[in-house]
Amino acid sequence: MLSGSQCCQIRAWIPVIFIALVVCWSYYAYVVELCIFTIPNTGEQIVYLIIFHLSFIMFVWSYWKTIFSKPANPSKEFCLPKADKEQYEKEERPESQQEILKRVAKDLPLYTRTGTGAIRYCDRCQVIKPDRCHHCSACDMCVLKMDHHCPWVNNCVGFSNYKYFILFLFYSMVYCVFIAATVLQYFIKFWTNQLPDTHAKFHVLFLFFVAAMFFISILSLFSYHLWLVGKNRSTIEAFRAPVFRNGPDKNGFSLGFSKNIAQVFGDQKKFWPLPVYTSLGDGHTFPTRLVNIDPEQPTVDIQPSIKSNAVDGQANPRPLSESQNRLLGNDQHYAEDHVNRDTIKTDEDQTVTVTMESES
């Protein structure tokens with residue numbers, strides 16, 4: 001007898017099984033019914049089969065990686081120490097609990113807050129949430145840079161597999177549009193009775209409709225996520241702007257179009273089309289666009305020549321990874337960023353470079 005949780009787990013795989021069955025049928029319909037039984041020209045068959053299998057392999061590869069890439073979770077340093085955890089659970093007043101969280105979080109690279117300005121803490125996972133991290137009720141875990149939970153992959157789309165998800169959408173469209181384009185002439189011939197009625201007729205007619213339908217539906221989703229990547233926002237942040245210490249800012253993580261793309265796909269363009277991991281950063285901390293000076297953080301001089309563990313004027317206790325340093329580097333200037341720079345003098349004669357990105 002299956003328990004309730006086991007039934008839910010099985011039910012969650014139904015959309016994935018449905019997609020797998022449709023893909024298997026489309027493979028049979030295209031390779032066997034169309035290319036072998038319908039297309040008379042051998043040269044046309046070979047060309048179609050080569051391109052079809054290339055798109056099929058990339059589509060299945062990216063879909064597989066999206067499904068089976070485990071969502072990234074916060075590291076142990078974001079968990080409360082045992083003594084603080086016990087004290088937190090004993091406290092009944094939210095103000096006292098927040099004081100405990102602030103004491104623990106003061107050495108963590110946290111720049112976002114709740115809507116009320118409190119430290120973001122997950123009572124379910126008992127962890128302080130890193131920036132852009134959210135709890136997924138379907139996965140029952142906190143997911144780094146969570147975008148959304150996708151039932152079609154039965155997985156949370158976030159930091160660990162967002163690139164794979166974008167490629168999955170892209171290669172799905174390529175797969176569908178190639179099938180629809182190459183099937184079209186035979187679809188018309190069957191529809192107008194220029195070809196005799198055979199068992200291939202149903203497969204060819206239905207194959208065109210299914211490919212066209214999936215292409216249209218995926219196109220809107222793919223376009224939306226490309227827009228999100230260009231703005232450096234997740235789906236959650238698009239609906240609810242992240243709240244920094246100085247207030248909400250929908251563009252708080254935007255570094256300019258080129259660097260936003262690089263944060264997801266990496267800085268080596270030759271790997272962009274491949275579903276292999278090339279995203280920049282560690283998922284726990286992200287470079288931010290400095291909109292206002294944060295009064296709670298010490299001011300530092302952010303210059304390319306000075307190797308400082310700081311992110312846009314905010315002291316960062318976590319050493320920046322090589323990929324984050326590349327994102328924050330000012331060696332390359334992109335025309336599309338439209339960046340204006342101002343210099344602010346502090347009381348201690350320290351210089352802070354404020355980067356303001358204009359939105360087109």
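Residues numbered from 1 in each chain as written. Predicted model: local features only at pLDDT ≥ 70, side-chain atom pairs only at ≥ 80, totals over all residues. Heavy atoms only, no water.

Per an unreviewed UniProt entry, the protein chain is named Palmitoyltransferase, and its organism is Aldrovandia affinis. Per its UniProt entry, the protein chain bears the Sequence similarities (unreviewed entry) comment "Belongs to the DHHC palmitoyltransferase family." According to the UniProt record, the Subcellular location (unreviewed entry) comment for the protein chain is "Membrane". (UniProt positions renumbered as here; feature names shortened; annotations may be inferred.)

Right, let's talk about the layout of surface pockets for a bit. Its volume calculated, the second largest pocket comes out at about 450 Å³. Residue lining of the second largest pocket: 24 residues in total, with Ile19, Phe168, Ser172, Phe214 and Ile218 positioned closest to the centre. Counting only elements with at least two residues in the lining of the second largest pocket, the list comes to helix H2 (14-36), helix H3 (42-68), strand E6 (148-150), helix H6 (162-191) and helix H7 (199-231). Looking at the lining of the second largest pocket residue by residue, the classes come out as 20 nonpolar, 4 polar and no charged. (1 Å grid on protein atoms, 1.4 Å probe; cavity = no way out; pocket = protein on both sides within 12 Å on 5 of 7 lines; lining within 4 Å. Points joined across faces, edges and corners; volume = space filled by probe spheres on them. Helix = DSSP H or I, 4+ residues; strand = E, 2+ residues; numbered from the N terminus. Nonpolar A, V, L, I, M, F, W, Y, C, P; charged D, E, K, R; others polar.)

As a general point, the strands of a sheet are linked pairwise by backbone hydrogen bonds and lie either parallel or antiparallel. An order of E1-E8-E9 is seen for the 3 strands of this open sheet, with the pairing classed as antiparallel. The strands lining the two open edges of the sheet, one partner per strand, are strand E1 (112-113) and strand E9 (247-248). Here 2 bridges tie E1 to strand E8 (residues 243-244), and the two strands are oriented antiparallel to one another. By the bridge assignment for E8, Arg113 is matched with Val243. (Pairing = 2+ DSSP bridges.)

What follows is about the environment of Phe59. With respect to the helices and strands, Phe59 occurs in helix H3. Judged by relative accessible area, Phe59 falls into the buried class, the value being 6%. Separated by 115 residues in the primary sequence, Phe59 and Val174 have C-alpha atoms spaced 8.4 Å apart. (Buried < 20%, exposed > 50% of the residue type's maximum accessible area, 1.4 Å probe, protein only.)

Interhelical geometry of H7 versus helix H9 (residues 257-265) gives an angle of 110° and a closest axis separation of 7 Å. Relative to H9, the element H7 is oriented roughly perpendicular. On the side of H7, the interface is formed by Val229, Gly230 and Lys231, while H9 contributes Phe257, Asn260, Ile261, Val264 and Phe265. When grouped by side-chain class, the residues that make up the contact of H7 with H9 number 5 nonpolar, 2 polar and 1 charged. (Axes fitted to C-alpha atoms, helices over the stretch in contact; angles between N-to-C directions. Parallel < 35°, antiparallel > 145°, perpendicular 65-115°, else oblique. Contact = heavy atoms within 4.5 Å.)

What follows concerns unusual backbone geometry. Most peptide bonds adopt trans geometry, and most residues besides glycine take a negative phi value. Even without being a glycine, Asn154 presents a positive backbone phi close to 50°. Along the chain, Asn154 falls in the loop between E6 and strand E7 (155-157). Phi angles above zero are rare outside glycine, and Asn193 is one such case at about 60°. Within the secondary structure, Asn193 sits in the loop between H6 and H7. Judged by relative accessible area, Asn193 falls into the exposed class, the value being 56%.

Relative to the helices and strands, Ala29 resides in helix H2. A relative accessible area of 0% places Ala29 in the buried class. Note: C-alpha distance between Ala29 and Leu207 (178 residues apart in sequence) is 7.1 Å. In this structure Ala29 touches Leu34, His203 and Leu207, once residues within four positions along its chain are discounted.

Relative to the helices and strands, Asn155 resides in strand E7. For Asn155, a relative accessible area of 5% translates into the label buried. Engagement of the side chain of Asn155 in a polar contact is seen with the backbone oxygen of Thr66, the distance being 3.1 Å. Dropping the residues within four chain positions of it, Asn155 is found in contact with Thr66, Ile67, Phe68, Ser69, Pro71, His148, His149, Cys150 and Asn161. (Polar contact = N/O pair within 3.5 Å; in protein donor to acceptor, adjacent residues only side chain to side chain.)

Turning to the UniProt feature "transmembrane region" (unreviewed entry) in the protein chain, a few remarks are in order. The UniProt entry lists residues 12-39, 45-64, 164-188 and 200-224 under the feature "transmembrane region" (unreviewed entry), expressed in the numbering used here. Between the first and last C-alpha atoms of residues 164-188 the distance is 36 Å; the span itself is 100% helix and 0% strand. Secondary structure content for residues 200-224 is 100% helix and 0% strand, and the end C-alpha separation is 36 Å.

Taken as a whole and judged by the stated rule, the model has 6 salt bridges. Residue Asp84 pairs with Arg103 through a salt bridge whose shortest N-O separation is 2.9 Å. Note that Asp84 is positioned in helix H4 (residues 82-90) and Arg103 in helix H5 (residues 94-105), a separation of 19 residues in sequence. With a closest N to O distance of 2.8 Å, Arg124 and Asp140 form a salt bridge. Here the residue Arg124 occupies a position in the loop between strand E2 (121-122) and strand E3 (127-128), and Asp140 occupies one in the loop between strand E4 (134-136) and strand E5 (141-143), the gap between them amounting to 16 residues. (Salt bridge = Lys/Arg side-chain N within 4 Å of Asp/Glu carboxyl O.)

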